[in-house]
Each structure stands twice: as structure tokens, then as C-alpha cells.
Amino acid sequence: TTRPSHAATMKLTAVIVALCATSASAYTSSFMGTQSAMRVNVGRSNLRMETFGFEFAEDAAAVALGEDSKLLGERRLKEQFIPEQQPRSLLTDDYPILERVGELSLLTRTAEAGILSALEEKGLTLGQLEALLPVIEKLGVLKLVQNPILYNLVLPLLIEPAPLLLGQGGSG
């Protein structure tokens, strides 16, 4: 067998390198050298989003933000959708502490469970607890209760299972 000459090998190598370079250019941008200039000159009029500049394509902004849209922003979610689905939602309203304590009859259940009389036997009376209220106010505990995370997350976790913890079953 005859070997190709050195010149033929060089020509073949040059052709292979040229083919590789042209196929690699398919993976690069057509305006590689002018990227920074393009960024400066791009304005809102040149911006093409989901429509890709086609006249027949729908306007994505109108579909997403229109009144009949199924896509809801945070404001429309809180003001429109949630109240239609759940009238008392912690996403739109604060947790109704006093209302839930009344609905669950927690004060009655606490008295029936004997907790207050057990505390009095230990020497702690309601008068002593009342005397602690100014101290609690000075320490800023009431401001802590106003924190929405505590008010809407921690307090429901304490109040809702209270009937079960008092040993007297479900909600009233």
C-alpha cells in the first residue's frame, strides 16, 4: 500500500480543521463581537418576548394580566381568589383569637378540667396574675404578640389543639 504524501496529509488536515471550525460556529452567536454594543442599543421597541415578533401570536402580557386571566398576581390572589374559596383565610385575615376561644369554649373547659383550682392550691391566684400585667407590658411582651408570624402561626397552633390537650375532645 502506498502512503499519502505529506502535502496530501496537510491538505486533509486543513479541510478537517475548517469543517470543525464551521460546525463549531453554529454554537456561537452571530454577533459575538458586538454584544456590548447591542446591549446598549436595545430598547423597549426592540424587545421581543413570547411572541417572537409574530403578528399572529397572542400578547403574553395581556393574557397574563388581563381581567379574565387565570394567572393571578399576589394582589388578585389575596383580594379576589382566596375570599371566593375560603372566607376566613389566614392569607387575607388575621387569626380570630377571641372568636376561636369562644367557639371552642376554652375558658369553660379550663375551669372544668380543674386547672384554675389546681393553680390556687399551689398558691397562684388570678389576682397575682393580674398584678403581673404591668410587668408584662413593660417587658414588651404585648408587642411580641402583635407580630404577624406569632399571631397567625404560633397562636393557632396553641389554641386549636387546646380542647384535646384539656382532655375533653373536639371543638364546640
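None of these values were measured; they are calculated from a predicted model.

*Asks:* It is not clear to me how the overall build of the protein chain should be interpreted in this structure. Could you clarify?
*Replies:* The helix and strand tally for the protein chain stands at 12 helices and 0 strands. Residues counted as buried form 11% of the 172 residues belonging to the protein chain.

*Asks:* Would you take a moment to explain the pattern of salt bridges for this structure?
*Replies:* As a working rule, side chains carrying opposite charge can pair if their charged atoms are close by. Tallied over the entire structure, the rule returns 2 salt bridges. Salt-bridge contacts for Arg 100 lead to Glu 103; the nearest nitrogen and oxygen are separated by 2.4 Å. Of the two residues, Arg 100 and Glu 103 are both situated in helix α5 (residues 97-103); the distance of 3 residues between them amounts to about one turn of the helix. A residue is classified by how much of its surface remains accessible, and Glu 103, at 28% relative accessible area, is partly exposed.

*Asks:* Would you mind going over unusual backbone geometry with me for this structure?
*Replies:* Backbone geometry follows two general trends: most residues other than glycine have a negative phi, and most peptide bonds adopt the trans configuration. One non-glycine residue with positive phi stands out, namely Ser 105, at about 55 degrees. For Ser 105, the position within the fold is in the loop between α5 and α6 (106-112).

*Asks:* Sorry, what's going on with the confidence of the model for the protein chain here?
*Replies:* As a note on interpretation, predicted positions should not be read in detail where pLDDT is low. Counting all residues, the mean pLDDT for the protein chain is 75, and 65% of those residues have values of 70 or more. For the protein chain, helix α2 (residues 35-41) is the element with the lowest average pLDDT, namely 46, and α5 is the one with the highest, namely 91. For the stretch residues 34-43, pLDDT sits under 50, and the model shows 2 contacts to residues farther than four places along the chain or on other chains.

*Asks:* Which parts of the structure should I look at to understand the nonpolar core?
*Replies:* The biggest cluster of nonpolar side chains holds 9 residues, and these are Tyr 95, Ile 97, Val 101, Leu 104, Leu 106, Leu 155, Ile 159, Ala 162 and Leu 166. Those elements that provide at least two residues to this core are α5 and α11 (148-159).

*Asks:* What am I meant to see in α11 here?
*Replies:* Note that an α-helix has 3.6 residues per turn; residues three or four places apart therefore point the same way. Here α11 spans 16 Å end to end across 12 residues, near enough to the 16 Å set by a 1.5 Å rise per residue. If you check which residues of α11 are buried, you get Asn 152, Leu 155, Pro 156 and Ile 159. End-on view of α11: buried residues confined to an arc of 105 degrees, all on one side of the axis. In α11, those exposed residues whose orientation departs by more than 90 degrees from the buried face are Ile 149, Leu 157 and Leu 158. Structurally, α11 contributes buried residues whose contacts are with α5, α6, α10 (141-145) and α12 (162-165).

*Asks:* Whenever I open this one, the environment of Leu 124 confuses me. Can you help?
*Replies:* Along the polypeptide, Leu 124 turns up in the loop between α7 (115-121) and α8 (126-131). Contacts of Leu 124, omitting those with residues within four sequence positions, involve Leu 119 and Leu 129.

The rules behind the values
- Residues numbered from 1 in each chain as written.
- Predicted model: local features only at pLDDT ≥ 70, side-chain atom pairs only at ≥ 80, totals over all residues.
- Heavy atoms only, no water.
- Helix = DSSP H or I, 4+ residues; strand = E, 2+ residues; numbered from the N terminus.
- Buried < 20%, exposed > 50% of the residue type's maximum accessible area, 1.4 Å probe, protein only.
- Salt bridge = Lys/Arg side-chain N within 4 Å of Asp/Glu carboxyl O.
- pLDDT = per-residue confidence, 0-100.
- Contact = heavy atoms within 4.5 Å.
- Core = buried A, V, L, I, M, F, W, Y, C linked by side-chain atoms within 4.5 Å.
- Expected span 1.5 Å × (residues − 1).
- Arc of directions from axis to C-beta.

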